[in-house]
Amino acid sequence: MLKSVTAKEHQYVGLHKLSALARTLHSFIGPQKSYKFIRDDRSGESALTCSCFCTIQNLDPTCALDQLVRETLQEHEKIYHTGSGCLMFLAGAWSNAALHGLRQGISITQIISAMSEGIEICLDAIRKSAVFFNGNDVILSRRSTAAAHSSRLSLSKKAFSEASNMSSNLQATPAKVYQQAQNGSGHRQIKLSRYFCETKSEMVSQFETYSVAHIAEALSHRCDNVMELAVEAMQIQSRNNQDISFVPFDITKVMTCVLFGLPEDCSCVVQGCIVLLADEKVSVFHHLKTKHLKVALVNGDLSHNYRHLGFKRPAGMQHVRDQPGVSGSSREEEWVKKVVKLLLDLGVNLILITGVACKVMVQHCCRHQILVVEKLNFSVLRNFAQSTGSVPVTYASQLGHHCVGTGVQLALWRDLSCHDRKLLLPVSISTGGNTELVTAILTSSVQCKLESLEDRFWACAYRLHHALKDRALLPGAGRTEMFCICHLQKQAKYCREKRTDSVPTAAAGTATALHTSVMLELMAEGLMDYITTVMINSGKLSKVKARTIVSGQLQTFDVHKGNAAKFPQLVLRNEATAVSSVKTTECAQTVEVYDNLCVKQEAWRKALDLVFLVLQTDGEVVSGVDQKMETDAMML
Amino acid sequence: MSRVEKKAPSVCTDLPLNNAEVCEKLHLMKELLKSCYGPRGRLKHVRNNIGGRVTTSSASSVILPALYSSQPLLNLIKTSVLNHISRFSDCGLFAGVFCLSLLEQARRHELRESLAIKVNKHCLSLCTSYLQRDDCACRVKIDFSSSQNLMTLAGSIISSKPACLLTEAEKLHISTMAVRAFLQTIPCSSPGPVTLGQTVTVTVRGLPVLDSAMFPGLLVETHDDFNQTDSSSELLRTVLFSTSLAGDLAELGDGTIEADPNLDTDLQILDQLLELGKQLVEDEVRLCVCQKVIHPVLQQYLRSHGVVVMERLGMALMEPLGTLAGTQPVATLHARIPSTAYGRVKNLSTKQFGFKTMLHLQADGEAAVCTAVLCHRNETMLDELKVVWRKTEDVLRLTLKEPSALLGGGCTETHLSAYVKHKGQQEASETAAGLRCSPAEFLLGVKVFCRSLDMVARSLEHDGGSSAMDLNHAHHWTVSANASEEDMAGGLGLCGCGLVENSSTEWTFLNTEYAEFCPAPLLGDSCRKPTVLDSFTAKVNALQVAVETANLALDVRYVIKDVN
């Protein structure tokens, strides 16, 4: 075996690659996303993606950097399910910053220490600008969501006109309410419901409706319809919760079910677990639909040759018969008969399994009016176990009376047969009123959109989940970023001044201060890029115009007095309102946009981690390289 | 009829060290290792060519195993460094860089191989005897009544790998944890031979570093889908299986079994397993742990009788758990379990770390087993943190053998180099006579040795700066690339190890000639403590490994390669 070390000749090639990769993903930033096609030239297949994570997942990693990026995004996505675009963008923007620094002769060590200082400033600024809310003030609605929705709209209009009457300056509008709630501890504790106490006292009865809906609306980032589903899911979930006070959104009890063929506005949220049944199972369903059913849960496959994880099949086993086999039924059939007999003895009508069932088994079960539902998540099984008193088992032969649960009901969710005869039948499995399982049914008439729709739903659901878990929100639409830019620039200025002040002291110190100030400016530039890109993506603005608006806002802002909420929202506004403060009807409907605190913090930090790793890497050690293959590599 | 295949003659390379290609590869390897050295070293992506997992590291224990060379000399050096790492963990890069520098410098100064070997040996003995002396100025005693030097030692090792990307607060947190873990594994008062305890490391991705913590006892990750959250503070009778309870047949090897088709082997083994389960329940076992998989039916049976079941423990945790519970692992399911095989565990509880659910087991009485939970934001950094943690653990343990440390930051290297140079100059004529060479030749050999040591100290700088040494204590300083003459006249700040501040005396760049002098020990100003320390035992051994490997390489006359 031979090995190679790629040469240093292209200096900092990793940073260039990272920034180039990030640039191709710019169109996924912000609320207005554009779809991208990824085409495989060899197979001719293509995929439609609408998120940064999805795109990276669909690309084949060709070098160490690709792998590193993929790994970082996967890790982030696994926990947060949102924010990958921001992560990637900043990784690109800050690798540009590092490249600029290197070009100006700043050493890697200094870049790292300066940028670490920068991220601390940013994270601190983020913490300062976060809006914390007290869990007890977020009370869920017990009302139907239709009512909630209409009241929300009217409320926000009222609130807006009230506010704008008081001051014609739009910039003061969002900040006004929050100022009153400022308390001395540094964190601004606000009660979201108070927003409306101010305006009219008879609205008291409606706070509860507003609270979560307000958070959700702020976090929807123009995916309003999908966010509504998430809110609904949460409301259905909490309906069963005895505790009236604040409950976080339990995302593990939410399922999605994608239906192709219905228009998108048919999407909705249903209590219980919705599964799609086909062909022969449909008749079993019709037989069972009004009854209270006994349920068995199997964690694994329902087939005779399935063995649990970790089981090793004997390799050297031979079967020897002393007489020619004449028995008609195979082993499989024997097994199926045995299991079906057991199921019938126990009176089981419904089997939920995480794996798949073999064909013979399904046929036999159907013949005996037992419904088999396959490919469920284990968390769903666990939920059924809790609500029905059943015990999940690995093998059907383990089933006994104590494993079987009762009280499950089947119902047809919606009859789609009029649309198309061949469609799958959506059936809801529920355990009466006490189930916390919620299914979001996502529909679209364009099949390839379903995946991105599902992605968006999960992104919204997780945003809501994180907000309620953090009990905090971050002013969005570029406001937090601008606040961070202010802080970075302030520190950069301070470093520059320190340098000129201290003339006779250690020269090394002054050089460091100068470099720090340069790097902080470059980091701020990266954030500036982020804001302008979002603005460009979401509107008719040109890059120059976007920059002018942002820098105009930055100049008028006083770091010492203000906080992030004092900035006007840049991104969702159109040009006219951002420049002048003309009241337009479009403006009246603008909602305040918020982001997640922990997601943003983590994404920024991970972006910088990625840049640091790439920045500090000067070579690649590849083992098992053929000497003739690689040309730009050095062989050991 | 058998085919006769013509064999190619072996390839013989004469004097491999004079071969340009070999030298080029040695140089490449030296540059590679050099670039990784020190807290500001550069990282390398390590992967295979078929797109396997990428690790990013600057640790010799990660990079060296990935290096394969067609040159046996390189593999020789690699193997001896790896061998050193496996015993001492630390100073792998030091050994590699020093060894390769010795070879390169000897060739550059056209020193005869035989002479180089003799002088290297002599210089090595000068170094080791000096390091053992009581008045050695680059050695620091480790005082176990104070944690300061231990903390510094741990901190230096943790900072030495930049891929961990730790902030100062995080470094402090991890080094405090390491020292605490080290102290916890030393039994307080046990007469007779002392057995050190163990620290088990568990890693959790995605949590901030400051969430890392130490726990007494063991934390075992549960892969359990069936939630069991029963915690109890009472003593639990424990059994530990090292055999698989998955219900599969024992390893057959290459043999075959002939069986009747009506015979269900799976069922028969399951019966046996249930028999075993019955005995466990009868013997009032409350915790059943298996290294491998347990059959779900057996699990169900045991659970229904109130036994806590843990499967897929893994090889690494078998020994610590055995110590903790005081059990003997059961290796078969075909015999009755003797009552002596049972152990005891106290305080069972579950803990949640990010996505991992862990079962926390504690010993009944004092068993020096503890668990370190290491957290970091992403896998790359966590992997490196784990490497560093193990290294710190080992180095701290080495201090029990020899309670000393060496000054870090390149100061030991420059100090030793100045000492060897001075000593060599002083005793040139008599030593040269002893080595049967001319004093000039001997001094050239000494120069090669000193230059190589200096080279290691210079490797610490990666940003284009230069290295300097003061002409009084012979400590090491780095001068940044954009510092001007006046800046340097103003002072250089603290030396590499943080013991000497800006001695106004003269200094010299490390790659220039200077008149020999006797490095003076630091007197009086003991108020300052070193901020960077290296492991004494590891470094002394690394010195020896480097010199002996270099000598062996210098001694190679022919490389014979069978190309068939």
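Please read these numbers as outputs of a predicted model, since none were measured by experiment.

What counts, and at which threshold
- Residues numbered from 1 in each chain as written.
- Chains lettered and ligands numbered in written order.
- Predicted model: local features only at pLDDT ≥ 70, side-chain atom pairs only at ≥ 80, totals over all residues.
- Heavy atoms only, no water.
- Helix = DSSP H or I, 4+ residues; strand = E, 2+ residues; numbered from the N terminus.
- Buried < 20%, exposed > 50% of the residue type's maximum accessible area, 1.4 Å probe, protein only.
- Contact = heavy atoms within 4.5 Å.
- Lys, Arg positive; Asp, Glu negative; His and termini not counted.
- Charge placed at Lys NZ, Arg CZ, Asp CG, Glu CD.
- Areas by Shrake-Rupley, 256 points an atom, 1.4 Å probe, with all protein chains shown as cover.
- Disulfide = S-S within 2.5 Å.
- pLDDT = per-residue confidence, 0-100.
- Buried area = accessible area lost by both parts, 1.4 Å probe.
- Salt bridge = Lys/Arg side-chain N within 4 Å of Asp/Glu carboxyl O.
- Polar contact = N/O pair within 3.5 Å; in protein donor to acceptor, adjacent residues only side chain to side chain.
- Pairing = 2+ DSSP bridges.
- Patch = residues over 30% accessible without salt bridge, like charges linked within 9 Å, V, L, I, M, F, W, Y side chains within 5 Å.
- Core = buried A, V, L, I, M, F, W, Y, C linked by side-chain atoms within 4.5 Å.
- Phe/Tyr/Trp six-rings, centres within 6.5 Å; stacked < 30°, edge-to-face > 60°.
- Lys NZ or Arg CZ within 6 Å of the ring centre and 35° of its normal.
- Axes fitted to C-alpha atoms, helices over the stretch in contact; angles between N-to-C directions.
- Domains from an automatic or database assignment.
- Parallel < 35°, antiparallel > 145°, perpendicular 65-115°, else oblique.
- Left-handed = near helix turned anticlockwise from the far one by under 90°.
- Nonpolar A, V, L, I, M, F, W, Y, C, P; charged D, E, K, R; others polar.

(A) View of the overall build of chain B. Secondary structure assignment for chain B yields 16 helices and 20 strands. Considering only C-alpha atoms, chain B reaches an extent of 90 × 80 × 45 Å along its principal axes. Each of the 564 residues in chain B was classed as buried or not, and the buried ones make up 54%. Nonlocal contacts in chain B, meaning residues at least 24 apart in sequence, comprise 76% of its contacts between residues at least 6 apart. Side-chain charges of chain B comprise 53 positive and 62 negative groups, with the mean position of each set lying 4 Å from the other.

(B) Focus on the overall build of chain A. If you tally the helices and strands in chain A, you get 21 helices and 19 strands. A fraction of 76% describes how many contacts in chain A between residues 6 or more apart in sequence connect residues 24 or more apart. On chain A, roughly 28200 Å² of surface is accessible, and the fraction owed to carbon and sulfur atoms is 51%.

(C) Region of interest: the state of the cysteines. Under the definition given, this model contains 0 disulfides over all chains. Considering cysteine sulfurs only, Cys122(A) is the nearest to Cys495(A), which forms no disulfide, with 14 Å between them. Given the relative accessible area of 4%, Cys495(A) is considered buried. Sulfur of Cys437(B): no disulfide; nearest cysteine sulfur belongs to Cys123(B) and is 11 Å away.

(D) The arrangement of the confidence of the model for chain B in detail. Confidence in the prediction for chain B averages 87 pLDDT; 93% of positions are at 70 or higher. The weakest mean pLDDT in chain B belongs to helix α15 (residues 485-490) of chain B at 62; the strongest belongs to helix α16 (residues 536-555) of chain B at 95.

(E) Summary view of the interface of chain A and chain B. Of the residues lining the interface, 62 residues belong to chain A; the matching set on chain B comes to 66 residues. Between chain A and chain B, the buried area comes to about 6100 Å², and carbon and sulfur atoms account for 56% of it. On the chain A side of the contact with chain B, Gln616(A), Val621(A) and Leu636(A) bury the most area, a combined 12% of that side's loss. Counting the contacts that link chain A with chain B gives 6 salt bridges. The salt bridge partner of Asp618(A) is Lys44(B), with a shortest N-O separation of 2.3 Å. Where chain A packs against chain B, one counts 18 residue pairs in polar contact (both at pLDDT 80 or more). In this structure, strand β18 (residues 617-623) of chain A lies alongside strand β2 (residues 43-48) of chain B, joined through 6 bridges in parallel fashion. Following the sheet pairing, Gly619(A) is matched in β2(B) by Lys44(B).

(F) Local environment of the pairing of strand β13 (residues 356-362) of chain B. All names here are of chain B. Sheet topology note: the strand β7 (residues 218-221)/β13 ladder contains 4 bridges and is antiparallel. Paired with Glu 221 across the strands is Met 358, a residue of β13. Two strands pair when backbone bridges link them, and strand β12 (residues 343-353) and β13 are joined in this way by 6 bridges, in the antiparallel orientation. Counted as the bridge partner of Thr 350 is Leu 359 from β13. Adjacent in sequence and paired antiparallel, β12 and β13 are bridged by 2 residues, among which Gly 354 carries a positive phi angle near 60°.

(G) Structural view of a nonpolar patch on the surface. On the surface, a cluster of nonpolar side chains totalling about 320 Å² of accessible area is made up of Phe144(B), Val194(B), Leu196(B) and Leu400(B). Along the chain, Leu196(B) turns up in the loop between α7 (168-184) and β5 (198-205).

(H) The arrangement of the nonpolar core in detail. Counting residues in hydrophobic clusters, the biggest one holds 109 residues, and the most contacted among them are Met29(B), Phe98(B), Leu131(B), Trp389(B), Val420(B), Phe449(B) and Leu543(B). Ignoring sequence-local partners within four residues, the contact set of Trp389(B) consists of Ile174(B), Met177(B), Ala178(B), Ala181(B), Thr199(B), Thr201(B), Met214(B), Ala372(B) and Leu374(B). If you look at the next biggest cluster of nonpolar residues, it comprises 83 residues, including Leu21(A), Leu65(A), Leu90(A) and Ala603(A).

(I) Focus on the packing of aromatic side chains. According to the stated counting rule, one finds 11 aromatic pairs over all chains in the structure shown. Between Phe98(B) and Phe449(B), the ring centres sit 5.5 Å apart and the planes meet at 85°, which makes this aromatic pair edge-to-face. Of this pair, Phe98(B) sits in helix α4 (residues 92-108) while Phe449(B) sits in helix α14 (residues 439-458), placing them 351 residues apart in sequence. We note that Phe98(B), like Phe449(B), is buried. Here the aromatic residues Phe457(A), Trp458(A) and Tyr462(A) are joined through ring pairs into a cluster of three or more. Here the basic side chain of Lys36(A) rests over the ring of Phe28(A), its NZ or CZ set 5.6 Å away from the ring centre. The cationic tip of Lys539(B) hangs over the ring face of Phe94(B); the distance from NZ or CZ to the ring centre is 4.8 Å.

(J) Structural view of the side chain of Thr617(A). Among the structural elements, Thr617(A) can be located in strand β18. Polar side-chain contacts of Thr617(A) include one of 2.5 Å to the backbone oxygen of Leu613(A). If sequence neighbours within four positions are ignored, Thr617(A) has contacts with Leu43(B), Lys44(B), His45(B) and Thr56(B).

(K) Structural view of the sheet that holds strand β8 (residues 236-241) of chain B. Residue and element names in this part refer to chain B. The strand order β7-β13-β12-β8-β10-β11 describes an open sheet built from 6 strands, whose pairing is mixed. The sheet is open, and its two borders are formed by β7 and β11 (308-310), each paired with just one other strand. Neighbour-to-neighbour, the strand axes of the sheet open up by a mean angle of 35°, direction not taken into account. Note: β8 against strand β10 (residues 287-290), 4 bridges, orientation parallel. Bridge pairing links Leu 240 to Val 289 in β10.

(L) Molecular detail of the domain arrangement of chain B. Here the domain parsing of chain B yields domain 1 (11-138 + 407-561) and domain 2 (218-366). Spacing between the C-alpha centres of domain 1 of chain B and domain 2 of chain B amounts to 52 Å.

(M) A look at the pattern of salt bridges. All names here are of chain B. By the definition in use, this model includes 43 salt bridges over all chains. With a shortest N-O distance of 3.2 Å, Asp 364 and Arg 344 are connected by a salt bridge. Of this pair, Asp 364 sits in the loop between β13 and β14 (369-376) while Arg 344 sits in strand β12, placing them 20 residues apart in sequence. Residue classification places Asp 364 among the partly exposed residues on the basis of a relative accessible area of 33%.

(N) Examining the environment of Ser70(B) more closely. All names here are of chain B. Counting through the fold element by element, Ser 70 comes out in the loop between α2 (60-63) and α3 (72-88). On the basis of relative accessibility, which here comes to 22%, the residue Ser 70 falls in the partly exposed class. Separated by 46 residues in the primary sequence, Ser 70 and Ala 116 have C-alpha atoms spaced 26 Å apart. Here Lys 25 takes part through its side chain, which lies 3.3 Å from a polar atom of the side chain of Ser 70.

(O) Structural context of unusual backbone geometry. We note that Leu165(B) has phi near 50°; this positive angle belongs to a residue other than glycine. Tracing the backbone through its elements, the reader meets Leu165(B) in the loop between α6 (148-159) and α7.

(P) Representation of the sheet that holds strand β19 (residues 533-535) of chain B. Residues and elements named next belong to chain B. Taken in spatial order, the 3 strands make up an open sheet running β4-β15-β19, and their pairing is antiparallel. Either end of the sheet is taken by a strand with one partner, and the two such strands are β4 (139-141) and β19. Neighbour-to-neighbour, the strand axes of the sheet open up by a mean angle of 45°, direction not taken into account. Two strands pair when backbone bridges link them, and β4 and strand β15 (residues 404-407) are joined in this way by 3 bridges, in the antiparallel orientation. The residue of β15 that forms the bridge with Val 140 is Ala 405. Each of β4, β15 and β19 is contacted by α16, which is oriented at about 65° to β19, the strand it contacts most.

(Q) Representation of the environment of Ala178(B) within the structure. All names here are of chain B. Among the structural elements, Ala 178 can be located in helix α7. Residue classification places Ala 178 among the buried residues on the basis of a relative accessible area of 5%. With residues near it in sequence (within four places) discarded, Ala 178 still touches Trp 389, Thr 392 and Leu 396.

(R) Main features of the packing of α3(B) against α4(B). Residues and elements named next belong to chain B. In the contact formed by α3 and α4, the axes pass within 9 Å of each other and the chain directions differ by 150°. It follows that α3 is roughly antiparallel to α4 by the angle criterion. Like other packed secondary-structure pairs, α3 and α4 cross with a definite hand, here right-handed. On α4, the residues touching Ile 77, Val 81, His 84 and Ile 85 of α3 are Gly 92, Ala 95, Gly 96, Cys 99, Leu 100 and Leu 103. Within the contact of α3 with α4, the residues separate by chemical class into 7 nonpolar, 3 polar and no charged.

(S) Just the confidence of the model for chain A, in detail. Residue and element names in this part refer to chain A. With 73% of its residues at a pLDDT of 70 or more, chain A shows a mean pLDDT of 73. Counting contacts from residues 1-9, a segment whose pLDDT is below 50, to residues more than four positions away or on other chains yields 40 contacts. A low-confidence stretch, residues 573-589 stays under pLDDT 50, and its non-local contacts, those more than four residues away or across chains, total 21 contacts.

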